[in-house]
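Read off the chains here:
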Amino acid sequence: MTSAPALTPVPPIRIDFSPEDRAWITERISEVLANGRLTLGAYGEDFEKRFAAMTGAKHAVAVSSGTSSLEIMLRVADVRDKDVLVPANTFIATASAVIAAGGRPVLMDTDGATLSTTAAEIERRITPKTVGVMIVHIAGFVTDEMPAIVDLLKRKGLWLMEDAAHAHASTLNGKHAGTFGWAGSFSFYPTKVMTSAEGGMIITDDDHLASEARIYRDQGKASFLQNSHIRMGSNWRMSEPHAIIGLRHLHNLPAMIAARRRIAARYDVALTGPNNGVRPLLPPKGCAANYYKYVVMLPEGCDRAALKAWLRDTHGVQCSGEVYEFPLHRHPVLTHLDPGDLRGAEIACNRQMCLPIFASMTDDEADRVIAALTSARTAGRV
Ligand SMILES: Cc1ncc(COP(=O)(O)O)c(C=O)c1O
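It should be emphasised that the depicted structure is a prediction, and the values quoted were computed from it without experimental measurement. (Residues numbered from 1 in each chain as written. Predicted model: local features only at pLDDT ≥ 70, side-chain atom pairs only at ≥ 80, totals over all residues.)

Colleague: Give a description of the overall build of the chain that names residues and reports values.
Modeller: Within the chain one finds eleven helices and 15 strands. In terms of C-alpha radius of gyration, the chain reaches 21 Å, essentially the compact-globule figure of 21 Å for 382 residues. In terms of overall dimensions, the chain has a C-alpha envelope of 75 × 55 × 40 Å along the principal axes. In the chain, once contacts between residues fewer than 6 apart in sequence are set aside, the share between residues at least 24 apart is 69%. (Helix = DSSP H or I, 4+ residues; strand = E, 2+ residues; numbered from the N terminus. Rg over C-alpha atoms; globule rule 2.2 N^0.38 Å. Contact = placed C-beta atoms within 7 Å.)

This is the structure we're talking about:
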């Protein structure tokens, strides 16, 4: 007896560098290997200029990761012994950067409609020790609460930073993620909508913050050629090979995001309706999302791990990682941050699932995901 042919998997993500991209990148990496200008050079400067232009920010400062960009911004803000509000539903780096910079993260609850937070929740958590707030644009969705959040923080005299690690080219009413407050932070980790292999970027309109960030990223040195260390920085530089890779993906970004939006629209049409089992999370009003993730909410009581295993084993559909599987206070290293009233975050984390989405995904692959979800519904799996 012959066994059934193995299913071609629909992967959770695919990282796309075409043969032309690879040739372009290789040629330039070969050039910097030949001339020896391997870090803080012309490609890094070009990457910064083009990224700033894309976002509309005055400055962009390229760094080694999204984690270091957060820590640098927080060091410039000097959060030592101060409280910074951060969402409970985020990646650990949002909170660990606050701790690394000497501050205390205070967790905020999650708004189920956007997976972000609200102005009311921020207001509830502000105390005399609060110095600022970090908003995270989960899945590349910019919450329509941003104008209210900006107004509230202006009134309270607190700064706003955005962890826009998920939100390259996402906008709210035409305004780019990362430009709503004092500074924005991006990650170019390989799974993000654009990558430089590893890397991060700070954007800001503040000349002081930008020049301090350049000092911090290079071991706190007064300048590239001076060996006097005037800040407690680190090696948070972006190398030229990383900047070259990032430049290529930045060039491809509009097309990559258009492709993600096409897949998201296909999912929206098929999955929006009362009888689909799953409920797509739709972008907030005014938000043009980059669809870093396509999130669906599962009905109460649905066993996500079992459903994901079934979709993988019977249909070859591999869902991507959640944003996030657990809220921060459920990680053993951060349980001490639990204020005991983060029910929205618990629900948002328990009930979500992320469908495969990436720039080179075909309509056929998206249709296989839709068909797999339909069978899951028929089989009573969701
Ligand atoms: C919300 C968020 N913040 C920060 C980071 C950290 O970025 P990096 O991995 O580039 O250090 C990530 C990356 O996964 C992230 O998703």
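Colleague: Tell me what's going on with the nonpolar core, and back it up with residues and numbers.
Modeller: Counting residues in each nonpolar core, the largest one holds 108 residues, and the members touching the most others are Met73, Met201 and Ile202. Considering each element in turn, this core owes the most residues, ten residues, to helix α8 (residues 240-271). Looking at this core, you find at least three residues from each of domain 1 (19-108 + 116-247) and domain 2 (253-378). (Core = buried A, V, L, I, M, F, W, Y, C linked by C-beta atoms within 7 Å. Buried ≥ 20, exposed ≤ 12 C-beta atoms within 10 Å, placed from the backbone. Domains from an automatic or database assignment.)

Colleague: Lay out the site of the ligand in plain terms, naming residues and giving numbers.
Modeller: Surrounding the ligand, one finds 14 residues, the nearest of these being Ser65, Gly66, Thr67, Ala165 and Ser187. Those elements giving two or more residues to the shell around the ligand turn out to be α3 (66-77) and α4 (92-100). Here the shell around the ligand is composed, by residue class, of five nonpolar, eight polar and one charged. (Near = placed C-beta within 6 Å. Nonpolar A, V, L, I, M, F, W, Y, C, P; charged D, E, K, R; others polar.)

Colleague: Break down unusual backbone geometry for me, with residues and values.
Modeller: What you tend to see is this: most non-glycine residues have negative phi, and most peptide bonds are trans. Residue Tyr324 follows Val323 across a cis peptide bond; omega there is 15 degrees. Relative to the helices and strands, Tyr324 resides in the loop between α9 (304-315) and α10 (343-351). Unlike most non-glycine residues, Asp78 shows phi in positive territory, near 55 degrees. One can find Asp78 in the loop between α3 and β2 (83-87). Accessibility expressed as a C-beta count within 10 Å gives 12 for Asp78, which makes it exposed. Here Gln219, not a glycine, exhibits a phi torsion of approximately 60 degrees, which is positive. Examined against the element boundaries, Gln219 turns out to sit in the loop between α7 (207-217) and β10 (221-223). A residue is classified by how many C-beta atoms lie within 10 Å of it, and Gln219, with 15 of them, is partly exposed.

Colleague: Can you break down helix α2 (residues 42-55) residue by residue, with the values?
Modeller: When the terminal C-alpha atoms of α2 are compared, their 20 Å separation across 14 residues agrees well with the 20 Å that a helix rising 1.5 Å per residue should span. Within two residues after α2, Gly56 carries a phi angle of roughly 85 degrees, on the positive side. (Expected span 1.5 Å × (residues − 1).)

Colleague: So, α10: which residues are in play, and what are the values?
Modeller: Every buried residue of α10 is listed here: Gly344, Ala345, Ala348, Cys349 and Arg351. Close packing links the buried residues of α10 with β14 (294-297) and β15 (352-355).

Colleague: Help me get a handle on the domain arrangement of the chain, residues and values and all.
Modeller: For the chain, the domain assignment lists domain 1 (19-108 + 116-247) and domain 2 (253-378). The C-alpha centroid of domain 2 is placed 26 Å from the C-alpha centroid of domain 1. The partner domain 2 presents 29 residues to the 26 residues of domain 1 that form the contact. Taken together, the elements giving at least two residues each to the side of domain 1 that touches domain 2 come down to α4, β3 (104-108) and β6 (171-172). By residue class, the composition of the side of domain 1 that touches domain 2 is 15 nonpolar, nine polar and two charged.

Colleague: Account for the sheet that holds strand β5 (residues 159-163), naming residues and giving values.
Modeller: Overall, mixed pairing links the seven strands, which are arranged β1-β9-β8-β5-β4-β2-β3 in an open sheet. The open sheet has two edge strands, β1 (59-63) and β3, and neither has a second partner. Going across the sheet, the axis of each strand differs from the next one's by a mean of 25 degrees, ignoring polarity. Pairing of strand β8 (residues 183-187) with strand β9 (residues 200-204) involves five bridges; the strand directions are antiparallel. If you follow Ser187 over to β9, its bridge partner there is Gly200. (Pairing = 2+ DSSP bridges. Axes fitted to C-alpha atoms, helices over the stretch in contact; angles between N-to-C directions.)

Colleague: Before we move on, could you go through the sheet that holds strand β12 (residues 279-280) and cite the residues and values that matter?
Modeller: Within a sheet, neighbouring strands are paired by backbone hydrogen bonds and run either parallel or antiparallel to one another. The strand order across the open sheet built from three strands is β12-β14-β15, with neighbouring strands paired in antiparallel fashion. Each edge of the open sheet is held by one strand with a lone partner, namely β12 and β15. Across four bridges, β14 lies against β15 in antiparallel orientation. The partner of Tyr294 across the bridge, within β15, is Leu355.

Colleague: Provide a residue-level description of the packing of helix α1 (residues 19-35) against α8, including the pertinent values.
Modeller: It is at 9 Å that the axes of α1 and α8 come closest, and there the two elements cross at 155 degrees. By the criterion of interaxial angle, the relationship of α1 to α8 is roughly antiparallel. The two elements α1 and α8 meet at a crossing, and its hand is right-handed. Residues Asp21, Trp24, Ile25, Arg28, Ile29 and Val32 of α1 form the contact with α8, whose own contacting residues are Glu240, Pro241, Ile244, Ile245 and Arg248. (Parallel < 35°, antiparallel > 145°, perpendicular 65-115°, else oblique. Left-handed = near helix turned anticlockwise from the far one by under 90°.)

Colleague: Give a detailed account of the pairing of strand β11 (residues 226-229), specifying residues and quantitative values.
Modeller: Across two bridges, β10 lies against β11 in antiparallel orientation. Paired with Lys221 across the bridge in β11 is His229. Two successive antiparallel strands, β10 and β11, enclose a turn made up of two residues.

Colleague: Let's hear about the environment of Ala305: which residues, and what values?
Modeller: Secondary-structure assignment places Ala305 in helix α9. Among the residues examined, Ala305 registers 8 C-beta atoms within 10 Å and is labelled exposed. The spatial distance from the C-alpha of Ala305 to the C-alpha of Arg231 is 46 Å, given a sequence separation of 74 residues.

Colleague: Give me the packing of α2 against α8: which residues, what numbers.
Modeller: Packing of α2 against α8 brings their axes to within 8 Å, and their N-to-C directions diverge by 35 degrees. Of the two elements, α2 crosses α8, and the hand of that crossing is left-handed. Residue-level contacts link Tyr43, Gly44, Asp46, Phe47, Arg50, Phe51 and Met54 of α2 to Glu240, Ala243, Ile244, Gly246, Leu247 and Leu250 of α8. In the contact of α2 with α8, the residues fall into eight nonpolar, two polar and three charged.

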